[in-house]
Amino acid sequence: MQFQPKKYYYLINFQYLGYRFHGWQKQPNVKTLHLMVDRTLNYILVGKYFKTLVSGRTDAMVSAENATFELFLQHEIEDLDAFLALFNYNLPQDIRALAIKEVDAKFNIINHPKNKEYLYLFTYGEKCHPFCAPIMTTILDDLNIEIMKEGAKLFEGEHYLKAYCYKPTDKGIYTRIIETCELVENTIYTANYFPDKTYILRVRGKGFMRNQIRLMMGTLFDLGKGKLTLDDIKASLEPDNTVKMNFIAPASGLILNKVDFL
């Protein structure tokens, strides 16, 4: 009988500024988060076996306040704090590991029930300092923020969201539940070069389709500009509607705020 080495499983919470990365997933000839994480682990583990899986991939230029990946090893980490410190010492400055804990073989980071919360940070009406660009979208047109707040609330609950999926197919599951969708003034992120007023769209649910949050945000931008009405959004959420929303808001304003495993 062939010997099977014992396996060890760890969850690592981490955060990153996504502006210079082409998303999480490894791709040929471009810099991705998965590439940088695995390159760092390969260095500090000195060639020992490891594998990493993330709880959900983010697109190019999207950032994360608190994301999670699972680390699979064939040896035990004896000092978790020391490992975390070494990992951070060698990661690039736009990626930071926050915490590590051991889990068992029954835990499946892909299929385990989870809630995700995204934030979308934006402002409007004036050209911003260039330093804002990595995490904030600027809409130069005037926006009606009050009607956008009403529009955001229309997304809460169970709806048919095919209009908010990039390149949907006939086989997708488009009836989904959004637990929270609210547009509020930003009090989370501050900097002396930020404009006086900035805003956040906060969206929380169990799962999101490709570009869903950015399509929702783009729709709210069009609502705020007067290009769409609240009735247009209501119609887009009806079962089997044929409405297609086309404005995908820029990626750099999107932040994965947290992942809660249930």
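Since the structure is predicted, the reported quantities are computational estimates derived from the model, not experimental observations. (Residues numbered from 1 in each chain as written. Predicted model: local features only at pLDDT ≥ 70, side-chain atom pairs only at ≥ 80, totals over all residues. Heavy atoms only, no water.)

1. Quick look at the side chain of T40
Part 1: By secondary structure assignment, the location of T40 is in helix α1 (residues 33-44).
Part 2: Not counting the four nearest positions on each side in its chain, T40 is found in contact with F87, N90, L91 and P92. (Helix = DSSP H or I, 4+ residues; strand = E, 2+ residues; numbered from the N terminus. Contact = heavy atoms within 4.5 Å.)

2. Quick notes on the state of the cysteines
Part 1: One pass over the full model with this rule turns up 0 disulfides.
Part 2: Between C181, a free cysteine, and C165, which holds the nearest cysteine sulfur, the sulfur-to-sulfur gap is 17 Å. (Disulfide = S-S within 2.5 Å.)

3. Section: the UniProt feature "binding site: substrate" (unreviewed entry) in the protein chain
Part 1: Following the UniProt record, one finds the feature "binding site: substrate" (unreviewed entry) at Y118.
Part 2: With respect to the secondary-structure elements, Y118 resides in strand β5 (residues 114-124).
Part 3: Not counting chain neighbours up to four residues away, the residues in contact with Y118 comprise L201, R202, V203, F208, I213, L254, I255, L256 and N257. (UniProt positions renumbered as here; feature names shortened; annotations may be inferred.)

4. A look at the nonpolar core
Part 1: Counting residues in each nonpolar core, the largest one holds 68 residues, and the members touching the most others are L41, F69, L71, F122 and Y164.
Part 2: Among the elements that make up this core, the one with the highest residue count is helix α4 (residues 212-225) (7 residues). (Core = buried A, V, L, I, M, F, W, Y, C linked by side-chain atoms within 4.5 Å. Buried < 20%, exposed > 50% of the residue type's maximum accessible area, 1.4 Å probe, protein only.)

5. Here we look at the packing of aromatic side chains
The description of an aromatic ring pair uses the distance of the two centres, along with the angle that the planes make with each other.
Part 1: This model, assessed by the stated rule, comprises 18 aromatic pairs.
Part 2: Consider the rings of F107 and F261, whose centres lie 5.3 Å apart with planes at 70°: the pair is edge-to-face. Taken as a pair, F107 in the loop between β4 (95-103) and β5 and F261 in strand β10 (residues 254-261) lie far apart in primary sequence, 154 residues in all.
Part 3: The exposure class of F107 is buried, given its relative accessible area of 13%.
Part 4: Summarising the aromatic geometry, the rings of Y120 and F221 are spaced 6.2 Å apart at their centres and angled 75° between planes, so their arrangement reads as edge-to-face. (Phe/Tyr/Trp six-rings, centres within 6.5 Å; stacked < 30°, edge-to-face > 60°.)

6. Considerations on the layout of surface pockets
Part 1: Roughly 700 Å³ of volume is contained in the largest pocket.
Part 2: Taken together, 28 residues make up the lining of the largest pocket; nearest its centre are R57, T58, D59, Y118 and R210.
Part 3: For the lining of the largest pocket, the elements supplying multiple residues, two or more each, are β5 and α4.
Part 4: Residue composition of the lining of the largest pocket, grouped by class: 10 nonpolar, 11 polar and 7 charged.
Part 5: One number sums up the size of the second largest pocket: a volume of about 250 Å³.
Part 6: For the second largest pocket, the full set of lining residues is Q15, Y16, L17, S63, A64, E65, D94, I95, R96, I135, Y189 and I255.
Part 7: In terms of residue count, strand β3 (residues 63-73) provides more of the lining of the second largest pocket than any other element does, 3 residues in total. (1 Å grid on protein atoms, 1.4 Å probe; cavity = no way out; pocket = protein on both sides within 12 Å on 5 of 7 lines; lining within 4 Å. Points joined across faces, edges and corners; volume = space filled by probe spheres on them. Nonpolar A, V, L, I, M, F, W, Y, C, P; charged D, E, K, R; others polar.)

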